[in-house]
Amino acid sequence: MHTETNTPDAAGGPAWLWRQWHNGQLIRQAAVPGVGFTWFSLQDQVDWDKGLSRANGDVSPVGPFDLNRDPRPVAQANCQLLAMHRGERIPEGLPLSRAASARGRAATNGGQ
């Protein structure tokens, strides 16, 4: 699992997302087992810069959506990435994580 949080610069969000996507592609090309990509959080964070230790109401503009649920530019970049890669499949023989492979085997073996 390629897990990244976000970037504290909302204007830099699209470039950050594209860079993370590219990193994911490099991981796949190197045949490193993987199962997904995580973006945290879906919307802006409140008081995250203080570790939630004080309720000041400070907004960190890090999500693809703001607190009004309006999309930021990175949300559009995400849509572009998905459209570009729609229909792609993981090539045969490319290893997934051991856990995902085990789940797949269990599903085809009746859960055993």
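This report concerns the structure included in the present document. The structure presented is a predicted model; accordingly, all values stated were derived computationally and were not measured.

1. Comments concerning the nonpolar core
- In this structure, Trp16, Leu17, Val74, Ala77 and Leu81 together form the largest nonpolar core, which totals five residues.
- Sorting the residues of this core by element identifies helix H1 (13-29) and helix H2 (73-85) as the ones contributing at least two each.
- Counting residues per element, this core draws most heavily on H2, at three residues.
- Those residues in contact with Ala77 that sit more than four places away from it in its chain are Pro14, Leu17 and Trp18.

2. As for the packing of H1 against H2
- It is the contact of H1 with H2, at a shortest axis distance of 8 Å, that shows an interaxial angle of 35°. The chirality of how H1 crosses H2 is right-handed. Contacts from Gly13, Pro14, Leu17, Trp18, Trp21 and Gln25 in H1 reach Pro73, Val74, Ala77, Asn78, Gln80, Leu81, Met84 and His85 in H2.
- Of the residues assigned to the contact of H1 with H2, the class counts are nine nonpolar, five polar and no charged.

3. Thoughts on H2
- Here H2 spans 19 Å end to end across 13 residues, near enough to the 18 Å set by a 1.5 Å rise per residue.
- Within H2 the residues assigned to the buried category are Val74, Ala75, Ala77, Leu81 and His85. Down the axis of H2, the buried side of the element spans an arc of 160°, and every buried residue falls inside it.
- Considering only its buried residues, H2 is in contact with H1 and strand E2 (37-39).
- Trailing H2 by a residue or two, Gly87 shows a phi angle of about 90°, which is positive.

4. Let's talk about the side chain of His85
- Within the fold, His85 resides in helix H2.
- Exposure remark for His85: the relative accessible area of 16% places this residue in the buried category.
- Excluding anything up to four places from it in sequence, His85 contacts Trp21 and Gln25.

About the cut-offs
Residues take numbers from 1 onward in each chain, read along the sequence in its written order. This being a predicted model, a pLDDT of at least 70 is required before a residue's local features are given, and a value of 80 or more before pairs of side-chain atoms are given or counted; all residues contribute to the totals for chains, interfaces and linings. Computation of side-chain values covers all heavy atoms of the structure but excludes hydrogens and water. For our purposes a nonpolar core is just a set of buried Ala, Val, Leu, Ile, Met, Phe, Trp, Tyr and Cys residues, chained together by side-chain atoms within 4.5 Å. The buried label goes to any residue with under 20% of its type's maximum accessible area, the exposed label to any with over 50%, and the partly exposed label to all in between, with areas taken from a 1.4 Å probe on protein chains only. Put simply, DSSP H or I for four residues or longer makes a helix, DSSP E for two residues or longer makes a strand, and each gets a number counted from the N terminus. By the convention used here, residues are in contact when the closest approach between their heavy atoms is within 4.5 Å. Angles run from 0 to 180 degrees between N-to-C directions of axes, and those axes are lines fitted to C-alpha atoms, restricted for helices to the stretch in contact. Crossings are classed by handedness, with left-handed meaning an anticlockwise turn of the near helix from the far one by less than a right angle and right-handed meaning a clockwise turn. In the scheme used here, Gly and all other residues not listed as nonpolar or charged are polar, with Ala, Val, Leu, Ile, Met, Phe, Trp, Tyr, Cys and Pro taken as nonpolar and Asp, Glu, Lys and Arg as charged. How far a helix is expected to stretch is found by multiplying one less than its residue total by 1.5 Å. This arc is built from the directions going out from the helix axis to the C-beta atoms.

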